[in-house]
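# Understanding the architecture of this molecule
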Amino acid sequence: MSVYVANHHSSVLKMHSWRTAQNSIPYLLPSIKPDMKILDVGCGPGTIAVDLAKLVPSGHLTGVEYLAAPLEAARSHAAREQVQNIDFRVGDVHALEFADGSFDVVHAHQVLQHVRDPVQGLREMRRVARKGGIVALRESASMTWYPDMPVLREWKDLHMRVSKARGGNPDPGS
Ligand SMILES: C[S@@+](CC[C@H](N)C(=O)[O-])C[C@H]1O[C@@H](n2cnc3c(N)ncnc32)[C@H](O)[C@@H]1O
């Protein structure tokens, strides 16, 4: 099991909570139908998950996280938004505890770059999607920026070393 390097400090959860379905996964929204069953893998504090649940009023959204830590924030957010067709549970993308073909849409946002074996993660996501369903990811293949700044290069080198030392795969490629 790899360890999520950024951890779930309140500052990290705050940054993730800025994300909405509209600002983070607009590419997926036209494919969502009201009765769909959706799985959000690595859902974090659940703001994208809750937005997706609102789009499937006669369907359901399940959010999964490998640790319980961010799920408290996710459940509170769903309660605040009065969204009830949603549940959150602990689970690992490398070995999802769902039967084959359980979901119409299996989704992840910014997750596979943090896991030990992204290809195994993709296999599992595909396995639990129904035939003809959708497996949707928005991920980083690698990190780059301009202008080149020594302090950011130093940060990236440190991030890579720590992430690899903790079992992650921070540069999964496309
Ligand atoms: C960058 S955050 C993204 C959270 C959320 N998807 C979002 O975009 O706001 C990555 C999330 O993946 C989760 N994660 C890391 N390893 C995982 C694994 N093996 N299985 C499931 N989730 C995992 C982390 O706990 C973390 O919350």
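Here's what I pulled together on the structure shown here. Source: prediction; values computed, not measured. (Residues numbered from 1 in each chain as written. Predicted model: local features only at pLDDT ≥ 70, side-chain atom pairs only at ≥ 80, totals over all residues. Heavy atoms only, no water.)

### Some points on the nonpolar core
Membership of the largest hydrophobic core comes to 23 residues, with the highest contact counts inside it found for Ile25, Ile32, Ile38, Leu52, Leu61, Ile86 and Phe88. Elements with a contribution of two residues or more to this core: helix 3 (47-54), helix 4 (71-80) and strand 3 (86-90). By residue number, the principal contributor to this core is helix 3, which donates five residues. When residues no more than four places from it in sequence are discounted, the contact partners of Ile32 are Ile38, Leu52, Leu55, Val56 and Val105. (Core = buried A, V, L, I, M, F, W, Y, C linked by side-chain atoms within 4.5 Å. Buried < 20%, exposed > 50% of the residue type's maximum accessible area, 1.4 Å probe, protein only. Helix = DSSP H or I, 4+ residues; strand = E, 2+ residues; numbered from the N terminus. Contact = heavy atoms within 4.5 Å.)

### Here's the deal with the site of the ligand
The full set close to the ligand counts 19 residues, and His8, Arg19, Gly42, Glu65 and His109 are the nearest of them. Within the side chain of Arg19, one N or O atom sits 2.7 Å away from an oxygen atom of the ligand. Within the side chain of Asp92, one N or O atom sits 2.8 Å away from a nitrogen atom of the ligand. Protein chains shield 98% of the accessible area of the ligand, which is 600 Å² for the free molecule. When atom positions are compared with the pocket grids, the ligand is found to occupy the largest pocket. Within the shell around the ligand, the residues separate by chemical class into seven nonpolar, nine polar and three charged. (Near = heavy atom within 4 Å. Polar contact = N/O pair within 3.5 Å; in protein donor to acceptor, adjacent residues only side chain to side chain. Areas by Shrake-Rupley, 256 points an atom, 1.4 Å probe, with all protein chains shown as cover. 1 Å grid on protein atoms, 1.4 Å probe; cavity = no way out; pocket = protein on both sides within 12 Å on 5 of 7 lines; lining within 4 Å. Sits in = over half its atoms within 2 Å of the grid points. Nonpolar A, V, L, I, M, F, W, Y, C, P; charged D, E, K, R; others polar.)

### Points about the side chain of Ser102
Note on placement: Ser102 falls in the loop between strand 3 and strand 4 (103-109). A polar contact is formed between the side chain of Ser102 and the backbone oxygen of Ala99, at a distance of 2.6 Å.

### A short note on the packing of aromatic side chains
For any two aromatic rings, the description comes down to two numbers: the centre-to-centre distance and the angle of the planes. Enumeration over the complete set of coordinates arrives at one aromatic pair. Lying across the ring of Phe103, Lys37 places its NZ or CZ 5.5 Å from the centre. (Phe/Tyr/Trp six-rings, centres within 6.5 Å; stacked < 30°, edge-to-face > 60°. Lys NZ or Arg CZ within 6 Å of the ring centre and 35° of its normal.)

### Quick look at the pairing of strand 5 (residues 129-138)
By the bridge criterion, six bridges tie strand 4 to strand 5 in an arrangement that is parallel. Across the sheet, Val105 pairs through a bridge with Ile134, a residue of strand 5. As a crossover connection, the stretch from strand 4 through helix 5 (residues 118-128) into strand 5 is right-handed. (Pairing = 2+ DSSP bridges. Right-handed = clockwise from strand over helix to strand, strands pointing away.)

### A closer look at the sheet that holds strand 5
On the basis of which strands lie adjacent, the open sheet formed by five strands has the order 3-2-1-4-5 and parallel pairing. Two strands lie at the open edges of the sheet, namely strand 3 and strand 5, each paired on one side alone. Averaged over all neighbouring strand pairs, the angle between strand axes comes to 20°, with direction disregarded. Where strand 2 (residues 60-65) lies against strand 3, five bridges are found, and the strand directions are parallel. Paired with Thr62 across the bridge in strand 3 is Asp87. Against the sheet, helix 3 makes contact with strand 1 (37-41), strand 2, strand 3 and strand 4, and its axis sits at roughly 145° relative to strand 3, the strand it touches most. Contacts between helix 5 and the sheet are confined to strand 1, strand 4 and strand 5, with strand 5 contributing the most and set at about 140° to the helix. (Axes fitted to C-alpha atoms, helices over the stretch in contact; angles between N-to-C directions.)

On their own, these measurements won't tell you what the molecule is for.
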